[in-house]
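# Architecture at a glance
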Amino acid sequence: MEETKNLFIPVHNLQSKSFVVKDYQRGYKWTDKEITALLDDVNDHKEIDGKYCLQPVIVKTQEDKTIELIDGQQRITSIYLLLFYLKQEHFYSISYQTRPATKKFLETELAILHQVILEDVSWQDFIDQFPDYNNVDIFHLFQVYVHIHKWYTNPDINRDGFLEKLEDNVNIIWYDIVISNTNNQLQLIPEQVFLNLNAGKIPLTSSELIKALFILEAQNKHAKEIAKLKATELATEWDQIETKLHDDLFWFFICDNKQYNNAATRIDFIIDLVNNRNSKKHDSLYSYRLYETKFKDEEDLDWKAIKKTFNKLLEWYDNKKVYHLVGFLIVSGLKKLSAIIELSKNKSKVDFAIALENEIKKAFSKTKKKDDKKVEIYNLENLHYENFKKQCNDILLLLNITYYINSNGPHKFPFNLFKNENWSVEHINPQNPRDFKTVKYLLEWLEVNKEYYTKTDNKAIIELLDKVLSFVTTLDTSKTLKDIKLSKEQIQDIEDVTESITIDLGLHGISNLALLDVNTNSKIGNKPFLEKREELLKLDQEGKYVNSKGEEKLVYLPICTKNVFSKIYTTDKESTLKSFFGKEDMNAYKLFIETQLEPYYK
């Protein structure tokens, strides 16, 4: 049986192997408690119960075929002692590099250890005779060997067939990080793997261990040929689920925990979902331990529960409305997938869709205390770039999602593209000309605002604009704002006109906001509306750009962002032609938002 093809191997397959314990490892620490538990478990195990599995052993096979023990040295060393006691020979070799004395002791002195234990020599007498072996590793080796001898010579214990059970029925869950290279280059560094193991970042996924238990369960429950068919069937279904989970459009619709995104296997997410694993409270092997306990107690591991949960998610994925509502609740962080699954129980498809809408309504009715008043933080009138940016983001996300819900086509909102980027809420009409790179952009912003306000009766803003234009028109438009020297009074005049226009037009409100990914936003920078629109539409058409570092960056422009910059929602023909995003445009955009999202505010 080759370890490259099997996740678990019997003890007899360890014969003649050469193990190495390197100096980044802790020393040997087993006591009478651990060795007695192992001896009792092996002895009590019956062949009819199938295979008995030890905890995982994680190794790295070296070029010279020696096997570096990364995790499992305590078990491998204890079995080594036990086999020497039973067979009086070195069944395999184990070389400790943590302490030279320990290495020598295990390689050459076990026969002496065996003899002194038979003679009932105490530890103190032993180290008086062999002072070079007075270290903590050898103390524990000595004590464990004593307990092996006491257990094996206990007349009350029936040990019939113990050696055969140990060699043939005891299996080790085997994980070689070279053969199972599933976590990129980091996994090939044993010291890093060891540190990750002890930090709860074990590279061996829980699902790989669980799969082994499911196969063992089939072998224990059925005759050989039927067990083989059952194992093949499970492996096929397992691979089908894993393959679908690697479809990013499906995956990012359901995944509410980014720690699974780069996992070697994505089925862990479904398994952990079934077992209610909380990543903040439970380590990565939580689900495995639950199945291991069930396996030992001969309870059904329930593969059907995993399939049922996956099939439910697949059914949601194929339902256009449910797909978008579930996706929004998850991506916005308003609801966890586990809570949504609970919400779906005992509901028809129609009732479930209604329940999802109600969850959004409930979220949108939330209030927050501000200036001693309760404020509805999702109310469109209250949304503000500086005060409720998260809520602005959620509303604009739902606006784009609703476009797909209401469309007749088969297309879906691409949650994969959305979740793989960082997003920001950006102003359509720039509200801070101080951040423009050049005098040219500042001058253009002032001129389009002057053109807009000339047709209004707001004399105060017109006077401010004229005052600022009087000195900005004299500046070199090719220079950056940082290069020009302005008086304190001129700087204050720019501040005053900016603040006045921002307040008058409500530039921080939802009617002047749109979603942009950071790549696109970084590329276009802070420019007047017309330049920003031209840049956005060009990027949307090309779908990518190369940044200053020569890196290719993909661009995803949400449909409603593209539409609002194209003035699709503006109904006034005169406003459509203007190079300015004014009140008419904002009012039309806000009306569109209200109409689209009306079902979630009833």
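Higher on the page you've got the structure.
Residues numbered from 1 in each chain as written. Predicted model: local features only at pLDDT ≥ 70, side-chain atom pairs only at ≥ 80, totals over all residues. Heavy atoms only, no water.

## A closer look at the environment of Lys562
Applicable threshold: Secondary structure elements follow DSSP: runs of H or I no shorter than four residues count as helices, runs of E no shorter than two count as strands, and numbering proceeds from the N terminus. Only protein chains enter the area calculation, which uses a 1.4 Å probe; residues under 20% of their type maximum are buried, those over 50% are exposed, and those in between are partly exposed. Should any heavy atoms of two residues lie within 4.5 Å, those residues are considered in contact.
Residue position: Lys562 is located in helix α25 (residues 559-565). A relative accessible area of 25% means that Lys562 is categorised as partly exposed. Sequence-wise, Lys562 and Ala514 are 48 residues apart; in three dimensions their C-alpha atoms are separated by 9.1 Å. Leave out the neighbours within four places in its chain, and Lys562 touches Leu537, Asp540 and Leu557.

## Structural notes on the sheet that holds strand β2 (residues 18-21)
Heads up, the rule is: By the convention used here, strands pair only if DSSP detects at least 2 bridges between them. All axes are obtained by fitting lines to C-alpha atoms, using only the stretch in contact for helices, and the reported angles, taken between N-to-C directions, cover 0 to 180 degrees.
Taken in spatial order, the 6 strands make up an open sheet running β1-β6-β3-β4-β2-β5, and their pairing is mixed. The open sheet has two edge strands, β1 (8-10) and β5 (93-96), and neither has a second partner. Mean inter-strand twist for the sheet, computed between neighbouring axes without regard to direction, equals 40 degrees. Judged from the 2 bridges that link them, β2 and strand β4 (residues 67-71) form a sheet pairing that is parallel. Pairing of Val20 across the sheet is with Glu68, part of β4. Contacting β1, β3 (52-61) and β6 (170-176), helix α9 (residues 206-221) crosses the sheet at an angle of about 55 degrees to β1.

## A short note on the nonpolar core
Note the cut-off: In this description, a nonpolar core means a group of buried Ala, Val, Leu, Ile, Met, Phe, Trp, Tyr and Cys residues linked to one another through side-chain atoms lying within 4.5 Å.
Counting 130 residues, the largest nonpolar core has Ile254, Trp316 and Tyr589 as its most contacted members. Leaving out residues up to four positions away in the same chain, Trp316 has contacts with Phe253, Val322, Tyr323, Val326, Leu337, Ile340, Ile341, Ser344 and Phe352. Listed in part, the 54 residues of the second largest apolar core include Tyr52, Leu82, Tyr96 and Phe130.

## Overview of empty space enclosed by the protein
Where we set the bar: A cavity, in this analysis, means grid points on a 1 Å lattice covering only the protein atoms where a 1.4 Å probe fits yet has no way out; a pocket is instead an open set bounded by protein on both sides within 12 Å along at least five of seven lines, and a residue lines either one if it has an atom within 4 Å of a point. Grid points are joined across faces, edges and corners, and a volume is the space filled by probe spheres set on the points. When residues are sorted by character, Ala, Val, Leu, Ile, Met, Phe, Trp, Tyr, Cys and Pro go into the nonpolar class, Asp, Glu, Lys and Arg into the charged class, and all the rest, Gly among them, into the polar class.
Going through the model one piece at a time under the given rule, you end up with 1 cavity of 30 Å³ or more. Of the pockets and cavities examined, the largest cavity occupies roughly 60 Å³. Lining the largest cavity are Val448, Glu451, Tyr452, Lys455, Lys578, Ser579 and Phe580. For the lining of the largest cavity, the class distribution of residues is 3 nonpolar, 1 polar and 3 charged.

## As for the side chain of Thr438
Looking at the secondary structure, you find Thr438 in the loop between β9 (423-427) and α20 (439-454). Looking at Thr438, the relative accessible area reads 18%, which means it is buried. Once you skip the residues sitting within four places of it in the chain, Thr438 turns out to touch Thr477, Lys479, Thr480 and Leu481.

## What about the environment of Ser206?
Inspection of the secondary structure assignment puts Ser206 in helix α9. Note on Ser206: relative accessible area 4%, which makes it buried. Along the chain, Ser206 and Ile254 lie 48 residues apart, while their C-alpha atoms are 19 Å from each other. Ser206 has contacts with Asp268, Ser284, Leu285, Ser287 and Tyr288, leaving out every residue within four places of it along the chain.

## A closer look at the packing of helix α4 (residues 110-118) against helix α6 (residues 136-152)
Put simply, the test is: Any angle that falls under 35 degrees is termed roughly parallel, while one over 145 is termed roughly antiparallel, one within 65 to 115 roughly perpendicular, and all others oblique. Left-handed is the label given to a crossing in which the near helix is rotated counterclockwise from the far helix by less than a right angle, and right-handed is the label when the rotation is clockwise.
Where α4 meets α6, the closest approach of the two axes is 10 Å, and the angle between their N-to-C directions is 55 degrees. Our classification of the angle between α4 and α6 gives oblique. Seen along the crossing, α4 lies across α6 with a hand that is right-handed. Listed contacts from α6 to Leu113, His114, Val116, Ile117 and Leu118 of α4 are Phe142, Tyr145, Val146 and His149. Class assignment of the residues belonging to the contact of α4 with α6 gives a composition of 7 nonpolar, 2 polar and no charged.

## Quick word on the packing of aromatic side chains
The following threshold applies: Within 6.5 Å between ring centres, the rings of Phe, Tyr and Trp (the latter by its six-membered ring) count as paired, and their orientation is classed by plane angle as stacked under 30 degrees, edge-to-face over 60, tilted in between. To sit over a ring, a charge needs its Lys NZ or Arg CZ within 6 Å of the ring centre and within 35 degrees of the ring normal.
One pass over the full model with this rule turns up 45 aromatic pairs. Where Trp123 meets Phe142, the ring centres are 5.3 Å apart and the plane angle is 65 degrees; that geometry is what we call edge-to-face. Placement of Trp123 in helix α5 (residues 123-129) and of Phe142 in helix α6 is noted, with a sequence separation of 19 residues between them. Looking at Trp123, the relative accessible area reads 15%, which means it is buried. Phe142 sits in the buried class, given a relative accessible area of 2%. On the numbers, 4.7 Å between centres and 15 degrees between planes, the contact of Phe418 with Trp423 is stacked. When the ring centre of Tyr323 is taken as origin, the NZ or CZ atom of Lys412, which lies over that ring, is 4.7 Å away.

Limitation: the analysis is restricted to geometry and does not speak to function.
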